[in-house]
Every structure is written in structure tokens, then in C-alpha cells.
Amino acid sequence: GWVDPRWQEELSALLAELDDVRADDRAAVEELAERVAALSFVAACGVPTVLWPDGLRLELRLREPLACVHVGRHYLGVAADATVLSGRWPAPPARDTGFLPVLDLPLEGGAPRRDVVPGVVLAEPAALDGLAVAVSMWRELGPEDLTRLGRCAIDARRARFATVEEPGVVVRLEGRRSIWFGRSPNLDEPGELPAAIKWDHVSRALELLEPDPARAQAPEGLDWDLVDVRWDEAVLHEREE
């Protein structure tokens, strides 16, 4: 999967700080494993085994960033389990054929958040709801769709208050375009349109932006500023001149 090359440097720095570990000192070996497991990007750490005569084997499973958060002047990745990952980025980083969506989080009295640091597990509804939308985005959109989508921000602060009039989750795209998404998939609300259908609506709307001479309607492309994907039939608002 996706790996930040700086994680290797962080792991190497941690190991360099530790004292030499004797292979027959089980407590010291387990402590080393615990220190490695505490790194923000480590999801799971296997049982350490000794490689005679001079090594240890420690199998790791790494977290993968599926979204990011804006902290001060940089961005930090966020994994599927809501863990904030180490590694600062000057802009939302690219992954595969798309970009990590930015989770809009409530500010602290209008100031940037200071409690969002590597290793913290986000627990507020706006973060969890937005992250669920991000996870569904990577699952449902293909490479071409992700490329067309570009950079985006997910505002899920009103996800749990969606009504006919209240759009709930709003996904903001470049070019002053928005997607009204409704409730997030993790809420499992009865009657809510499945996320797969919502993203299929998004995919079709993104296709309309590009010229296609074979298309009967709008062969030159259709510019829109809003698509409402909460319904069986998506509602597209064409951009006014």
C-alpha cells in the first residue's frame, strides 16, 4: 500500500535512540517491540523473534492514509481507524490517482487546532463522519474518477442533521463545485441511499464536465457547480453564466 518514505527515517531514528538489546533478555525485546508499535503509522506489531547471531525479526502492519487534516500551515494524514499519522505535507498529498481529501474539523475558538498531532485518534463526530465518506470514496471511485475529482474537502459537521433542506455532508471540489452527500455511511440511517450509488452519481457528473462528441446531450461538456446525490436520481445544477 501507500507508504511515506519518512516513516523509515522515523523508525531508524527510534531504533538508534534505544540501547542495545540482548537476545536472551525477553523483557527488553518486548519493550523494543512496544516502542515500535507506538509509532503512529504502525497498525500492528508481530511477536519479535531472534535471528541468530545478531538480529531481531519484527513484522509490522502499517496504517494507510485515506484522508488528511489541515493543521496550521501543513497537512497530516489520517488512517481508516482515525489515527493521525506523522509526516507533514505542504498541501493535501497525492495517493494513487487521486488526492487525500481534507477533513473539515471544528476550530478552537476560530484558531487552528493544536490537539491534532501524530498518534492522536480523532473521536469527534465531524471527523468520524467525514472519514467514513473518504473511505467510501476510495472504495467506490475508479482511477479516472479520482483524477477528475482532484483535490477536495469533506465537511461532515452537519452529517447527523441532514434533512430535505439540510444537505448534511458537503464535499467541496476545486473550481467552486460542491457535492451534497447527505448522511455519512457510518451512520447506517434507514432509507439513506447507499454510498456506492451516491458515488456513481458523482462519477456521472464528473464525466459531464469533459467534452464527448458521442454524447447526445452536452457533447461539448456541461459545467455545473452543484450535484445533489442524496436521491435515486441525482440533481445537477448547471453553472450560471
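Residues numbered from 1 in each chain as written. Predicted model: local features only at pLDDT ≥ 70, side-chain atom pairs only at ≥ 80, totals over all residues. Heavy atoms only, no water.

Colleague: I'd like a description of the overall build of the chain, backed by residues and values.
Modeller: Helix and strand counts for the chain come out as five helices and 14 strands. Projected onto the principal axes, the alpha-carbon positions of the chain cover approximately 75 × 45 × 35 Å. For the chain, long-range pairs separated by at least 24 residues make up 51% of all intrachain contacts whose partners lie at least 6 apart in sequence. Surface exposure of the chain reaches about 13,500 Å², of which carbon and sulfur atoms provide 51%. Separation of charge centres in the chain, based on 27 positive and 44 negative side chains, amounts to 3 Å. (Helix = DSSP H or I, 4+ residues; strand = E, 2+ residues; numbered from the N terminus. Contact = heavy atoms within 4.5 Å. Areas by Shrake-Rupley, 256 points an atom, 1.4 Å probe, with all protein chains shown as cover. Lys, Arg positive; Asp, Glu negative; His and termini not counted. Charge placed at Lys NZ, Arg CZ, Asp CG, Glu CD.)

Colleague: Describe the pairing of strand β6 (residues 74-79), naming the residues involved and giving the relevant values.
Modeller: With respect to burial, β6 is a largely interior element, six of its six residues being buried. Both faces of β6 are covered, namely the face carrying His74, Leu76 and Val78 and the face carrying Tyr75, Gly77 and Ala79. Relative to β6, strand β5 (residues 65-71) runs antiparallel, the two being bridged by six bridges. Paired with alanine 67 across the bridge in β6 is valine 78. Hairpin connection between β5 and β6: a loop of two residues separates the two successive antiparallel strands, and glycine 72 in this loop has a positive phi of roughly 65°. (Buried < 20%, exposed > 50% of the residue type's maximum accessible area, 1.4 Å probe, protein only. Pairing = 2+ DSSP bridges.)

Colleague: Provide a residue-level description of the environment of arginine 148, including the pertinent values.
Modeller: Relative to the helices and strands, arginine 148 is located in helix α4 (residues 143-149). Distance in space between the C-alpha atoms of arginine 148 and threonine 97 is 9.4 Å, their sequence separation being 51 residues. In contact with arginine 148, other than residues within four places in its own chain, are Leu206, Glu207 and Glu210.

Colleague: Which residues make up the environment of alanine 156, and what values go with them?
Modeller: Mapped onto the elements, alanine 156 comes out in the loop between β10 (152-155) and β11 (169-173). Residue classification places alanine 156 among the buried residues on the basis of a relative accessible area of 2%. Once residues lying within four places of it in the same chain are set aside, the contact partners of alanine 156 are Ala126, Asp129, Gly130 and Val169.

Colleague: With reference to specific residues and values, describe a nonpolar patch on the surface.
Modeller: A contiguous nonpolar patch, built from Val3, Leu60 and Leu62 and spanning about 210 Å² of accessible area, is present on the exposed surface. Structurally, leucine 62 can be placed in strand β4 (residues 60-62). When its relative accessible area of 32% is taken as the criterion, leucine 62 is described as partly exposed. (Patch = residues over 30% accessible without salt bridge, like charges linked within 9 Å, V, L, I, M, F, W, Y side chains within 5 Å. Salt bridge = Lys/Arg side-chain N within 4 Å of Asp/Glu carboxyl O.)

Colleague: Which residues make up helix α1 (residues 5-17), and what are the values?
Modeller: Taken together, the buried positions of α1 are Trp7, Leu11 and Leu14. Axial view of α1: buried residues confined to an arc of 60°, hence all on one face. Opposite the buried face of α1, by more than 90 degrees, sit the exposed residues Pro5, Gln8, Glu9, Ala16 and Glu17. On its buried face, α1 sits against α2 (26-37), β4 and β5. (Arc of directions from axis to C-beta.)

Colleague: Tell me about the side chain of aspartate 104, and name the residues and values.
Modeller: Looking at where aspartate 104 falls in the secondary structure, it is placed in the loop between β9 (102-103) and α3 (125-140). Polar side-chain contacts of aspartate 104 include one of 2.8 Å to the side chain of arginine 172. The residues touching aspartate 104, leaving out its near neighbours within four places in the chain, are Ala126, Ala153, Ile154, Asp155, Arg157 and Arg172. (Polar contact = N/O pair within 3.5 Å; in protein donor to acceptor, adjacent residues only side chain to side chain.)

Colleague: Which residues make up the pattern of salt bridges, and what values go with them?
Modeller: Using the criterion set out here, one finds 20 salt bridges in the structure. Residue glutamate 140 is joined to arginine 139 by a salt bridge in which the shortest nitrogen-to-oxygen separation is 3.1 Å. A residue is classified by how much of its surface remains accessible, and arginine 139, at 53% relative accessible area, is exposed. A network of salt bridges, in which partner residues are shared, links Glu144, Asp145, Arg148 and Glu210.

Colleague: Report on the nonpolar core, specifying residues and quantitative values.
Modeller: Ranked by internal contacts, the top residues of the largest apolar core, which has 43 residues, are Val69 and Leu149. Broken down by element, this core gets its largest block of residues, six residues, from α3. Sequence-distant contacts of valine 69, that is, excluding residues within four places in its chain, are made with His74, Tyr75, Leu76, Val78, Leu103, Leu105, Val116 and Leu122. Membership of the second largest hydrophobic core comes to twelve residues, among which are Trp2, Leu11, Leu14 and Val36. (Core = buried A, V, L, I, M, F, W, Y, C linked by side-chain atoms within 4.5 Å.)

Colleague: Please provide a residue-by-residue account of helix α5 (residues 195-208), values included.
Modeller: The end-to-end C-alpha separation of α5 is 20 Å, in line with the 20 Å expected for 14 residues at 1.5 Å each. Within α5, burial applies to Ala195, Lys198, Trp199, His201, Val202, Ser203, Ala205 and Leu206. Buried residues in α5 make contact with α3, α4, β11, β12 (177-182), β13 (224-228) and β14 (235-238). (Expected span 1.5 Å × (residues − 1).)

Colleague: Give me the packing of α3 against α5: which residues, what numbers.
Modeller: A pair of packed helices is characterised by two quantities: the angle between their axes and the separation of those axes. Axis separation between α3 and α5 bottoms out at 10 Å; the angle between their running directions is 65°. The orientation of α3 with respect to α5, classified from their angle, is roughly perpendicular. α5 is crossed by α3, and the crossing has right-handed handedness. Residues Val133, Ser136, Met137 and Glu140 of α3 form the contact with α5, whose participating residues are Ala195, Ala196 and Trp199. (Axes fitted to C-alpha atoms, helices over the stretch in contact; angles between N-to-C directions. Parallel < 35°, antiparallel > 145°, perpendicular 65-115°, else oblique. Left-handed = near helix turned anticlockwise from the far one by under 90°.)

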